[in-house]
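# Structural characterization, general
Chain by chain, the residues run as shown.
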Amino acid sequence: MSRSPSVPERPHREIDPDLSDDERLEALRGHFEDLTEVRDQLSEQLDAAEERREQLREKVNSVERENETLKSSSLYISTVEDVLEDDEVVVKQHGNNQEVLTDVSPRIAESVESGDRVAVNDSFSIQTVLDAETDARAQAMEIAEKPDVSYDEIGGIDEQVQEVREAVEQPLDEPELFEDVGIEPPSGVLLHGPPGTGKTMLAKAVATETDATFIKMAGSELVRKFIGEGSRLVRDLFEMAREREPAIIFIDEIDAIATTRTESKTSGDAEVQRTMMQLLSEMDGFEARGDIRIIAATNRFDMLDRAILRPGRFDRLIEVPEPNQEGREQILEIHTREMAVDDGIDFADLAAETEGYSGAEIESLATEAGMFAVRDDRTEVRHEDFTNAIEKIEDDDSSDVISSAGYFYQ
Ligand SMILES: Nc1ncnc2c1ncn2[C@@H]1O[C@H](COP(=O)(O)OP(=O)(O)OP(=O)(O)O)[C@@H](O)[C@H]1O
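Residues numbered from 1 in each chain as written. Predicted model: local features only at pLDDT ≥ 70, side-chain atom pairs only at ≥ 80, totals over all residues. Heavy atoms only, no water.

Right, let's get into helix 5 (residues 199-210). Compared with an ideal rise of 1.5 Å per residue, which puts 12 residues at 16 Å, helix 5 spans 17 Å between its outermost C-alpha atoms and is within 8% of the ideal. Of the positions making up helix 5, those classed as buried are K199, L202, A203, A205, V206, A207 and T210. Residues of helix 5 that are buried sit in contact with helix 3 (158-173), strand 7 (188-192), strand 8 (213-218), strand 9 (247-252) and strand 10 (292-298). (Helix = DSSP H or I, 4+ residues; strand = E, 2+ residues; numbered from the N terminus. Expected span 1.5 Å × (residues − 1). Buried < 20%, exposed > 50% of the residue type's maximum accessible area, 1.4 Å probe, protein only. Contact = heavy atoms within 4.5 Å.)

Below, the structure written as structure tokens:
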């Protein structure tokens, strides 16, 4: 900050009364000159102060304008690549990856660091640095230190539960077993099957059982909601897992980032490709015997880019099918455990009536049956509530819910 200039001293001159007229005149002239000099100095200082005030006023105006722009216009998200001298930085725009040399508003120049996510205006000038809350990282991942799903809540897929336990739980709990035998455990496990069959539940249950942190990222969100940030978020996902070992990374709807390459070369496709390449490179550099396990899920197995299924990547495929008669019966029993149900319910009969239902649809059926009891002012749910619920669901959804179960998954 500039110091204010010192105020000149007021000139003072004693005039001896014994002086001759000429001498007094000379002394007064001298005093007058001193006063004029001081006046000139003060006037110069006043000019400088006014100039400074003008500069400050301009600065205030520019900050106000900046503020207005910030409030009124859309800003673009970029990442700071490099911070140079004189408030200049190189930013990389999300979406098209274009690098731009730009300047930072002096107001925030000191808080900008390389790697920060920032908002830039139309002329690429950095307006604000995004904090952790606005950071997509927090929004894009679901993290559960202690997910609360146990194996006995999963019905009808015992074989798959067993396979997942061998491929995921054992390498975490008993890595020495694999070392002794001299084999690498599977790098990644891919669960594939129709929607609502328990794939997410299965991944959560292993995390619960092994006391691992469960970190979920949805492939579809990466490409729809966080456009341009996919590869960075994938990097963050693995970094987050390393920070929280033991951890289970669960990538849901992996098909969204790992579909077979299309002919079109739109920027969106290139972005999806980059996200997938990042995922592959994270997996390739991974220690399979380590404390991080990777599970992915898809209900569009046919569309997957085979590159992700190579050894060292998702090399253990587990199909999670729609439940069969026995499976549906088990799932019905699981989802009515907490309900007040009548002894006369014939679960085997209901299972036969619900062919083609997924686990998620059976869960909705149980809730719907409960609703029939509530409507009838009863606290106990009866067999006919279930049959009424089946009828209602099939009437309501004959065109979508039930048939969609097998729609994407062939
Ligand atoms: N096998 C099952 N046993 C018990 N409940 C199940 C089963 N499958 C699904 N459910 C119920 O359906 C809900 C949704 O299941 P989940 O999210 O695990 O399915 P998903 O296979 O991951 O589906 P999507 O492919 O749509 O992501 C679960 O919370 C659970 O209540």
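There is more to say after this.
Turning our eyes to something else, we now look at the side chain of K216. Among the structural elements, K216 can be located in strand 8. Exposure remark for K216: the relative accessible area of 18% places this residue in the buried category. The residues contacting K216, other than those within four sequence positions of it, are A140, M141, E142, T200, F250 and D252.

Tallied over the entire structure, the rule returns 13 salt bridges. Across the pair E26 and R29 runs a salt bridge, and its minimum N-O distance is 3.6 Å. On the criterion of helical spacing, the pair formed by E26 and R29 is a turn pair, its members being three residues apart in helix 1 (residues 21-72). Notably, a salt bridge pairs K216 with D252, separated by 3.9 Å at the nearest N-O pair. Note that K216 is positioned in strand 8 and D252 in strand 9, a separation of 36 residues in sequence. For D252, a relative accessible area of 15% corresponds to the buried category. Where salt bridges share partners, they join E368, R375 and K392 into one cluster. (Salt bridge = Lys/Arg side-chain N within 4 Å of Asp/Glu carboxyl O.)

Looking now at a negative patch on the surface. Together, E85, D86, D87, E88, D103 and E110 make up a region of like negative charge exposed at the surface. Tracing the backbone shows E85 in the loop between strand 1 (76-83) and strand 2 (88-93). Taking the relative accessible area as the measure of exposure, E85 reaches 67% and is therefore exposed. (Patch = residues over 30% accessible without salt bridge, like charges linked within 9 Å, V, L, I, M, F, W, Y side chains within 5 Å. Areas by Shrake-Rupley, 256 points an atom, 1.4 Å probe, with all protein chains shown as cover. Lys, Arg positive; Asp, Glu negative; His and termini not counted. Charge placed at Lys NZ, Arg CZ, Asp CG, Glu CD.)

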